[in-house]
2 protein chains.
Amino acid sequence: MKTLLAGGTVVNVFTGELERANVLLDGPIIAGVGDYTADEAGAVEDVTGKVICPGFIDGHMHIESTMLLPAELARVSVPHGTTAIVADPHEITNVCGVSGVSFMLDASEGIPLTVYIMLPSCVPATPFDEAGVELGAKQLRPMYVHPRVLGLAEMMNYPGVLAGDPDVMQKLADAKRLGKVIDGHAPLLSGKALDRYIAAGVSDDHECSSFEEARERIRKGQWLMIRQGTAARNLSELLPLFDEPYAQRCLLVTDDRHPADLIAEGHIDNIIRRAVQAGKSAITGIQMATLRAAQCYGLRGVGAVAPGYAADVLVLDDLDTVAVRDVYRAGNKVVEDGRMLPFETPRVREHLWKAARNSFYMELLRAEDFFIEPKGERCRAIRLIEDQLLTQEEIVRIDWTKNNGVDLERDLLKIAVVERHLHTGHRGVGFICGAGMKRGAIASSVSHDSHNLIVMGTNDTDMAAAGNHVLHMGGGCAVVENGQVIAAMPLPIAGLMSAKPAAEVARENEALRAAVHTLGVPQGTELFMTMAFVSLPVIPALKMTTQGLVDVNRQRRVSLYV
Amino acid sequence: MKTLLAGGTVVNVFTGELERANVLLDGPIIAGVGDYTADEAGAVEDVTGKVICPGFIDGHMHIESTMLLPAELARVSVPHGTTAIVADPHEITNVCGVSGVSFMLDASEGIPLTVYIMLPSCVPATPFDEAGVELGAKQLRPMYVHPRVLGLAEMMNYPGVLAGDPDVMQKLADAKRLGKVIDGHAPLLSGKALDRYIAAGVSDDHECSSFEEARERIRKGQWLMIRQGTAARNLSELLPLFDEPYAQRCLLVTDDRHPADLIAEGHIDNIIRRAVQAGKSAITGIQMATLRAAQCYGLRGVGAVAPGYAADVLVLDDLDTVAVRDVYRAGNKVVEDGRMLPFETPRVREHLWKAARNSFYMELLRAEDFFIEPKGERCRAIRLIEDQLLTQEEIVRIDWTKNNGVDLERDLLKIAVVERHLHTGHRGVGFICGAGMKRGAIASSVSHDSHNLIVMGTNDTDMAAAGNHVLHMGGGCAVVENGQVIAAMPLPIAGLMSAKPAAEVARENEALRAAVHTLGVPQGTELFMTMAFVSLPVIPALKMTTQGLVDVNRQRRVSLYV
């Protein structure tokens, strides 16, 4: 079927020019741009006064952070003009192994959003982590054959790269041999160390938080991903990259984005819009979101409105608002007047579906599982820092006489991480301060990067109840007060994702946030999000794992007792 | 071995910036650019005051046009800064079939010039041609596995693309399926026909002769190759492309370049130099000759002085003269102070060598082979046009009473094309005017694109003698006067290439040109070059083939007699 988009102004991403021209779509391909007429098409769409541009590509995101299945993500993102994403299924892979990658491929097959996959490079993230699996080069290698697998995902283990760790080097060698892309993740690395990291084959980075950091990487040949997600927001610092000679080496990514933000603010369109509001060119933003992303990943025939390119095309109201009116994908209209047209959610193969839906292998929790045996007076506690994923180590004097050491007046709570993948019974329990919780407990199966069960609370009974509720749901988040579940969000897919639509997930998440505050947690504290990183022994300084505390700076386990 | 290039100014092709920095080469790879010191290297080269840039890439050339083997081409081109070429072995493949591709791969293995190969797409060029072979999609397919094969060479058969010819479409489909590049060749095609051609997967073009033609292609997404060769010289018309937004979509190519020009003027360096003399930026030229070429062909890790990139690096005296002082390839110094360092010429496998060295399958010629039987008074003659490959059809009245129709007073000579690949005895003989030859004859095995034996002369005896001398040499060019060979250039490799060094080939070629003028041909007429295209029934209007005259405009054979 040939469709003519007639009367619009086309954004030429090759030259940055605007051209009044008709666009002829021929099935999944753009036939041409020019003085095509209605006679040449089976259908004509009047887009007079509108702007036509290529569909947007999110160059790096974790679908799991949206808590949505790919089809539900599509239903909320495609109306914002996203027609392709490059996804790193790092979270589900930590839970399900390579089956997690296959799950994501199945779950995104045939949806009106092209989901390219980068193979998770660091599962588990550190040797301190107890993930569901351990993925070596050997396990990753067979996955490269899938046509939507573009390369090796963010190589967070930059110390391993610099040290020449054999399995890390094998992963890099495999990707390079197959002509695949290797994504980077090395915040603040610079100079000669950065040279070594890049020379190992790492071709982009999304962790830059300053212009100088970004410019060094561009000069050294990396593609620079300007990240603006829900938590990490680097756009304002990186605005100078919207000018040449840097712009042509940049793309736009969200990394981690919550469903409420996708609904309220949008996706890649939101980043372009913010750049425009800050005085930058929408055309530059569109070039980054299309042609540059395609170039970064070596995608041919994607990211431009030009003959032979994929007919993934947006109709925008104008360049000032970047408001997406219609979306065509592979030549079919999939968004009309801002509304997603219905499509079928793909079926995931049974064994993959079952594996993802049954990701809890642990015993029911009892209150006494959170009991800490008093062995000394001075203990190491994790101190949360407002608005940061960093924590501090704080030495606290524990009064064991009441409530097994918990002291609400000093804001001293318990934190526990319970192994849930392999039925090991491993369990780390300790103290945390800075959360502000006055009663009850919360629990979640979203706890980076291994996604064991993490529980924080004021008393052991509520902690057990919260943890068990997550277990009963097969994953998710729960808020418990006096033994009662007052809010819960089921995330039964690998303990990370919901099967519900984005709006519902956003509502559940909102209810969850509200419930946290009824426990006394001050407004403004995103406790579930903060807690989700308390288990990641990659970010300093003191973290809790299934086997107890880890001093991240010294990269070693430490005792609870000083 | 680590080598430090210390004290130079580095051209950053990503940003267009110049940076005072040291460059550390680590074996075949660039380790880094920055404040590296002598302590970190095994050897230090002082390049104070010099400019360091990536090695140049010729994005499209026919090695056979240089009449040199790849190793000899390297000996003359690498000192001009060329470290890689993308070659279309179209000529040798017309003679030797896919063995010709293998010959070129063998002959370029391990030389200090990376020879990438595009598979000839149009052998023979037209159905009127009698090439050594006929290459379909099936024959090309297995050749893609070679790591230096980048794609399908210039798709000259654009009518076949537009008409959807099945074998042409299969060739395109194969290249696309394998993620390979498809080079274009479609002069003056524009508008919707160009859209269709590009939409078929053709991603670049090197035939543009005007800025407007080039701009249309860039807007439609093609990479634009700015060609400046020996015959076709498009640089001055295309100079506006050196400015943005076009420059980032352009590369530099020579297409066809004679050895004397390579020696006297240079290669890609010469194009950059000319652009600088015309007021354009050398840095832009260097970007086109390096990063842009790599992007066009999807070459990762080539075309920049940056960590992880191939250590193919030039040391230039300065950016004004683009004078190449030293060349490093894969980290080894291969040119020192402008002089090529010795390297071994690669061995070609015996059966390929033999096939290329024995490319003549025809009988010895006799004078009577050029006799034209008088069947009418009015004949079609080919009229040469000064400085053009185009010819005209001219109706001449033949006086059969003397010299079998040849009439030197009217500048009416004989032209013949003799099949030499398959012993068919096919032979086309007719009349040609505009050459200005007064005595003797010339013959050549370089006659596009099938490279049969072409002979032009004032009398049948000298024509036979010239043709037979080429046959005796196993290929080449000969000038005969009164039965004596007065100049000859042996091209024994497929009848196209010499095995001698560039300087010697250039001298032989010069002697040949001089000898042509002793036959009365006016100075300024490049008769061998012009004659080489008289057999190509792709360029209008009247051409001679092994089976007689072809009217190119009407694409059909025509009789000698009107």
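Positions within a chain are numbered from 1, following the residues in the order the chain's sequence is written. Following the order in which they are written, the chains are lettered starting with A and the ligands numbered starting with 1. Local features in this predicted model are restricted to residues of pLDDT 70 or higher, and side-chain atom pairs are both shown and tallied only at a pLDDT of 80 or more, whereas totals for entire chains, interfaces and linings draw on every residue. To get the side-chain values, all heavy atoms of the structure are used, and hydrogens and water are removed first.

Asks: How should helix α15 (residues 502-518) of chain B be read in this particular structure?
Replies: Residues and elements named next belong to chain B. The numbering of helices and of strands both runs from the N terminus, where a helix is a DSSP run of H or I of at least 4 residues and a strand a run of E of at least 2. The span you would expect from a helix comes to 1.5 Å times its residue count less one. When the terminal C-alpha atoms of α15 are compared, their 25 Å separation across 17 residues agrees well with the 24 Å that a helix rising 1.5 Å per residue should span. Of the positions making up α15, those classed as buried are A502, V505, A506, E508, N509, L512, A515, V516 and H517. The contact definition used throughout considers only heavy atoms, calling two residues in contact when any of these lie within 4.5 Å. Elements that come into contact with the buried residues of α15 comprise α1 (70-77), α10 (259-264), β24 (441-444), β26 (476-481), β27 (484-490) and α16 (527-531). Following α15 by one or two positions, G520 has its phi on the positive side, about 100 degrees. Whether a residue is buried, partly exposed or exposed follows from its accessible area with a 1.4 Å probe, protein chains only, as a fraction of its type maximum: under 20%, in between, or over 50%, in that order.

Asks: I would appreciate a short explanation of the relation of the copies chain A and chain B in the present structure.
Replies: Between the two copies of the chain lies a rotation about an axis combined with a shift along it. Only residues with pLDDT of at least 70 in both copies count here: their C-alpha atoms drive the least-squares fit that superposes the copies. Expressed as a screw operation, the relation of chain A to chain B combines 0.0 Å of axial shift with a rotation of 180 degrees, fitting to an RMSD of 0.0 Å. As the rotation angle and translation indicate, the two copies are arranged about a two-fold axis. Taking the C-alpha atom as reference, chain A places G298 of chain A closest to the rotation axis, 3.4 Å from it.

Asks: Got a minute to help me understand the pattern of salt bridges in this structure?
Replies: Charged atoms that come close allow side chains of opposite charge to pair. Residue and element names in this part refer to chain A. Within this document, salt bridges are pairs made up of a side-chain nitrogen of Lys or Arg and a carboxyl oxygen of Asp or Glu, the two lying within 4 Å of each other. The final tally for this structure, using the stated rule, is 72 salt bridges over all chains. Of the charged contacts, one joins D460 and K414 as a salt bridge, the two residues approaching to 2.9 Å between their closest N and O atoms. With a gap of 46 residues between them, D460 in helix α14 (residues 460-473) and K414 in strand β22 (residues 412-418) connect regions that are remote in the sequence. Classification of K414 by relative accessible area gives buried; the value is 0%. Several salt bridges converge on common partners, so that one network encompasses K50, D317, R325 and D337.

Asks: Would you mind going over the interface of chain A and chain B with me for this structure?
Replies: One frequently used descriptor of interface size is the decrease in accessible area upon assembly of the parts. Of the residues lining the interface, 38 residues belong to chain A; the matching set on chain B comes to 38 residues. At the boundary of chain A with chain B, total buried surface from both sides reaches about 2900 Å², with 44% on carbon and sulfur atoms. By convention, the term buried area covers the 1.4 Å-probe accessible surface removed from two parts as they join, with the contributions of both added. On the chain A side of the contact with chain B, F14, K192 and R300 of chain A bury the most area, a combined 22% of that side's loss. Between chain A and chain B we count four salt bridges in total. In this structure, the salt-bridge partner of E17 of chain A is R219 of chain B, at a minimum N-O distance of 2.8 Å. A 3.5 Å cut-off defines polar contacts: any pair of N or O atoms within that distance qualifies, except that in protein one atom must be a possible hydrogen donor and the other a possible acceptor, and neighbouring residues in sequence count only when both atoms are side-chain atoms. The interface formed by chain A and chain B contains 18 residue pairs in polar contact (both at pLDDT 80 or more).

Asks: Would you mind going over the sheet that holds strand β23 (residues 427-433) of chain A with me for this structure?
Replies: Paired through backbone hydrogen bonds, the strands of a sheet run either parallel or antiparallel to each other. All names here are of chain A. Here, any two strands with at least 2 DSSP bridges between them count as paired. Pairing is mixed across the open sheet formed by eight strands, whose spatial order is β21-β20-β23-β22-β25-β24-β26-β27. Edge strands, defined here as strands with exactly one partner in the open sheet, are β21 (391-397) and β27 (484-490). The average undirected angle you get between the axes of adjacent strands in this sheet is 25 degrees. Taken together, the four bridges between strand β24 (residues 441-444) and strand β25 (residues 453-457) define a ladder with antiparallel strand orientation. Each bridged residue has a counterpart across the sheet, and for A441 the counterpart in β25 is G457. Every axis in this analysis is a line fitted to C-alpha atoms, fitted for helices over the stretch in contact. Angles between the N-to-C directions lie between 0 and 180 degrees. Sheet contacts for α14: β22, β24, β25, β26 (476-481) and β27; angle to β26, the most-contacted strand, approximately 150 degrees. Where helix α15 (residues 502-518) meets the sheet, its contacts fall on β24, β26 and β27, and the angle it forms with β27 comes to roughly 150 degrees.

Asks: Explain the packing of aromatic side chains to me, please; I cannot follow it from the model alone.
Replies: Each pair of aromatic rings is reported with the distance of its centres and the angle of its planes. Think of it this way: a Phe, Tyr or Trp ring, Trp meaning its six-membered ring, pairs with another when their centres are within 6.5 Å, and the plane angle makes it stacked under 30 degrees, edge-to-face over 60, tilted otherwise. Throughout the structure, instances matching the rule amount to 12 aromatic pairs over all chains. Centroid distance F103 of chain A to W353 of chain A: 5.8 Å. Interplanar angle 15 degrees. Geometry classified as stacked. In this pair, F103 of chain A is assigned in helix α3 (residues 98-107) and W353 of chain A in helix α13 (residues 350-357), connecting sequence segments 250 residues apart. We classify W353 of chain A as partly exposed; its relative accessible area is 26%. Summarising the aromatic geometry, the rings of F14 of chain B and Y309 of chain B are spaced 5.8 Å apart at their centres and angled 70 degrees between planes, so their arrangement reads as edge-to-face. Placement of the pair is F14 of chain B in the loop between β2 (9-11) and β3 (18-20) and Y309 of chain B in the loop between α12 (282-296) and β16 (313-316), with a sequence separation of 295 residues.

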